[in-house]
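Observations on chain architecture
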Amino acid sequence: MKYIHHMLVYVCMDLPAEYAKKDFFACGPTDDSFVMKYCQNMIGGWAMGAKETNYQPADVGSPFTPEMTGMKVVVQIHYNNPDLATFVDDSGMRFLLTDQVRKYDSGTIMAGIFSLDFTLTMPPGLETFHVQGQCSDQCTRTMLPEEGINIFASNVHMHTRGKSGVARHFRGNQEILPPLGQELAYDFNFQSSKPLIPNRKFLPGDRIIVECNFTTINDTKPVYGGEGTMEEMCLIFLSYYPKSDLSICGSQFQIKPYLKALGMTPDMLIANGGFPKARLAVAAQLFNNLNDGMKAHREILKTLLGPVNKFIAGQKWDSESAKPLQSFYSDKQYLAICRGKGGNITIIPADTPPEITFYVDPSKLPCTSS
């Protein structure tokens, strides 16, 4: 298990013909044939340091039924092998079946930040850097059953620079405590699922705000969002019942306000190698016309990565100079994204989160007398 970053097991929808007869697939989102977009029903997971756990209530189970006949089950394993060592891996998961059908089917919601690219940027040399992801109430209002769901466990996931992570529960502007999940002393090498006792009732129209705190004090280069161990993520996996349509719910940062938070202009794109000097008009057009529909366009991200990386590397970063970027990650300049029935993705360009400050561990607050 030394080289395994994480392992996830998904049940897929009906796959297109070009996938149906294959045994192995490219699982990364940068691959042209990204099969995982058809496989979002997560039924099992493991990450670094996780131990055996079973927080599932006695009347809850994962369904394996005749209706699933012919469906593909995909095991996705991400490796961290910077030394390029040669090894044989026989890792997997064992599922125990019973003929005692449980009353409720369980499900998993992945919530947090879905910007696996440079729009999630952590400048180097910072003791602390906060980011915030939103699972919009507009998603939960339409994709959860009227009676709501019951959350019984959570698993915070970041990479090696993670210091703490928390998933906060809001109903309107009111925060419901304690948080749905939290790791206030996060350790990448000891990730585990934690029970939520008592189980939490989560209703349609409720919101999840996922906050992560990182340190880049030992870095000399910017750290970006991504699936690699040396990149970063801010996610939480919530186990619940009864199973609903909602499987993912979170934020994706937009390119244009991100560039403005950095202070980048068309001239700077050219100065940092984005375009030839004669193409200022093209650079300006690209900068000014970036819109929600282009956000995930791979070629745009690829074109801008070099100039952005060069620009960030050329700045002197400290807590003061990082403030505009820090503010960007807590403002409303993101797309709210949720995946529902049939794997369909809903994009909400104008979310309205409550005005809040970052979460503070109650044990760190000063004592007050009544």
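Quick look at the structure, then.

Rules and cut-offs
Residues numbered from 1 in each chain as written. Predicted model: local features only at pLDDT ≥ 70, side-chain atom pairs only at ≥ 80, totals over all residues. Heavy atoms only, no water. Helix = DSSP H or I, 4+ residues; strand = E, 2+ residues; numbered from the N terminus. Contact = heavy atoms within 4.5 Å. Areas by Shrake-Rupley, 256 points an atom, 1.4 Å probe, with all protein chains shown as cover. Core = buried A, V, L, I, M, F, W, Y, C linked by side-chain atoms within 4.5 Å. Buried < 20%, exposed > 50% of the residue type's maximum accessible area, 1.4 Å probe, protein only. Disulfide = S-S within 2.5 Å. 1 Å grid on protein atoms, 1.4 Å probe; cavity = no way out; pocket = protein on both sides within 12 Å on 5 of 7 lines; lining within 4 Å. Points joined across faces, edges and corners; volume = space filled by probe spheres on them. Salt bridge = Lys/Arg side-chain N within 4 Å of Asp/Glu carboxyl O. Pairing = 2+ DSSP bridges. Axes fitted to C-alpha atoms, helices over the stretch in contact; angles between N-to-C directions. Phe/Tyr/Trp six-rings, centres within 6.5 Å; stacked < 30°, edge-to-face > 60°. Patch = residues over 30% accessible without salt bridge, like charges linked within 9 Å, V, L, I, M, F, W, Y side chains within 5 Å.

It is worth spelling out the overall build of the protein chain at this point. When helices and strands are tallied, the protein chain shows seven helices and 18 strands. Restricting the contact set of the protein chain to residue pairs at least 6 apart, pairs at least 24 apart contribute 82%. Split by element, the accessible area of the protein chain, about 19400 Å² in all, is 53% carbon and sulfur.

Across soluble globular proteins, nonpolar side chains show a tendency to be buried alongside one another. Judged by nonpolar contacts, the single largest core of 58 residues is most densely connected at Val-131, Tyr-258, Leu-262, Val-308 and Tyr-329. Among the elements that take part in this core, helix α6 (residues 298-313) stands out by supplying six residues, more than any other. The residues touching Val-131, leaving out its near neighbours within four places in the chain, are Ile-113, Leu-120, Val-210, Glu-211, Cys-212, Phe-214, Cys-234, Gln-326, Tyr-329 and Phe-358. Core analysis: the second largest hydrophobic core is formed by 14 residues, Leu-8, Cys-39, Met-42 and Phe-237 among them.

Counted according to the given criterion, the structure contains three disulfides. Note that Cys-139 is cross-linked by a disulfide to Cys-338, the S-S spacing being 2.1 Å. A torsion of -80° about the S-S bond marks the disulfide between Cys-139 and Cys-338 as left-handed. Taken together, the positions of Cys-139 in helix α2 (residues 137-143) and Cys-338 in strand β17 (residues 334-339) put the pair 199 residues apart, joining distant regions of the chain. Each member of the pair, Cys-139 as well as Cys-338, is classed as buried.

The final tally for this structure, using the stated rule, is one cavity of 30 Å³ or more. Taken as a whole, the largest cavity holds about 60 Å³ of empty space.

A word on the pattern of salt bridges. Enumeration over the complete set of coordinates arrives at 10 salt bridges. Taking the shortest distance from any N to any O, the salt bridge between Asp-351 and Arg-207 comes out at 2.8 Å. Of this pair, Asp-351 sits in the segment after β18 (345-348) while Arg-207 sits in strand β13 (residues 207-214), and the two are 144 residues apart along the sequence. For Asp-351, a relative accessible area of 6% translates into the label buried.

Before going further, it helps to examine the sheet that holds strand β9 (residues 149-157). Hydrogen bonds along the backbone pair up the strands of a sheet, which may run parallel or antiparallel. Pairing is mixed in the open sheet, where seven strands are placed in the order β12-β9-β15-β6-β16-β17-β18. Each of the sheet's edge strands pairs with one partner strand only, and the pair in question is β12 (194-202) and β18. Across the sheet, the axes of successive neighbouring strands diverge by a mean angle of 25°, strand direction being ignored. Looking at chain direction, strand β6 (residues 107-113) and strand β15 (residues 235-241) are connected through six bridges and run antiparallel. Pairing of Gly-112 across the sheet is with Leu-235, part of β15.

Let's shift gears to the pairing of strand β8 (residues 129-135). In terms of residue burial, β8 counts as a mostly covered element, since six of its seven residues are buried. Note: β8 against β13, seven bridges, orientation antiparallel. Each bridged residue has a counterpart across the sheet, and for His-130 the counterpart in β13 is Asn-213.

Let us look at the sheet that holds strand β2 (residues 41-47). Taken together, three strands build an open sheet; the order of strands is β2-β1-β4 and the sheet is antiparallel. Strands at the two margins of the open sheet, each flanked by one partner only, are β2 and β4 (73-79). Here the average twist between neighbouring strands, direction ignored, is 15°. As paired strands, strand β1 (residues 4-11) and β2 are joined by six bridges and run antiparallel to one another. Paired with Tyr-10 across the two strands is Met-42, which belongs to β2.

Following the criterion strictly, the structure yields 10 aromatic pairs and no others. Considering the side-chain rings of Tyr-104 and Tyr-241, the 5.0 Å spacing of their centres and the 40° angle between planes classify their relative orientation as tilted. Of the two residues, Tyr-104 sits in strand β5 (residues 104-105) while Tyr-241 sits in strand β15, which places them 137 residues apart along the sequence. For Tyr-241, a relative accessible area of 12% corresponds to the buried category. Look at Phe-129 and Tyr-329: their rings are 6.0 Å apart centre to centre, the planes differ by 80°, and that puts the pair in the edge-to-face class. Pair noted here: Phe-129 is in strand β8 and Tyr-329 is in the loop between α7 (323-328) and β17, with a separation of 200 residues, a long-range link. Each member of the pair, Phe-129 together with Tyr-329, is buried. Cluster of aromatic residues (ring-pair linked, three or more members): Phe-118, Phe-129, Phe-253, Tyr-258, Phe-328 and Tyr-329.

As a further point, take the environment of Trp-46. One can find Trp-46 in strand β2. Sequence separation between Trp-46 and Ser-193 is 147 residues; the distance between their C-alpha atoms is 9.2 Å.

Moving on to a nonpolar patch on the surface. A grouping of Phe-64, Phe-95 and Leu-97 is seen on the molecular surface, where their side chains present a nonpolar patch of about 310 Å² in accessible area. With respect to the element layout, Phe-64 can be found in the loop between β3 (60-61) and β4. Overall, Phe-64 belongs to the partly exposed group, its relative accessible area being 39%.

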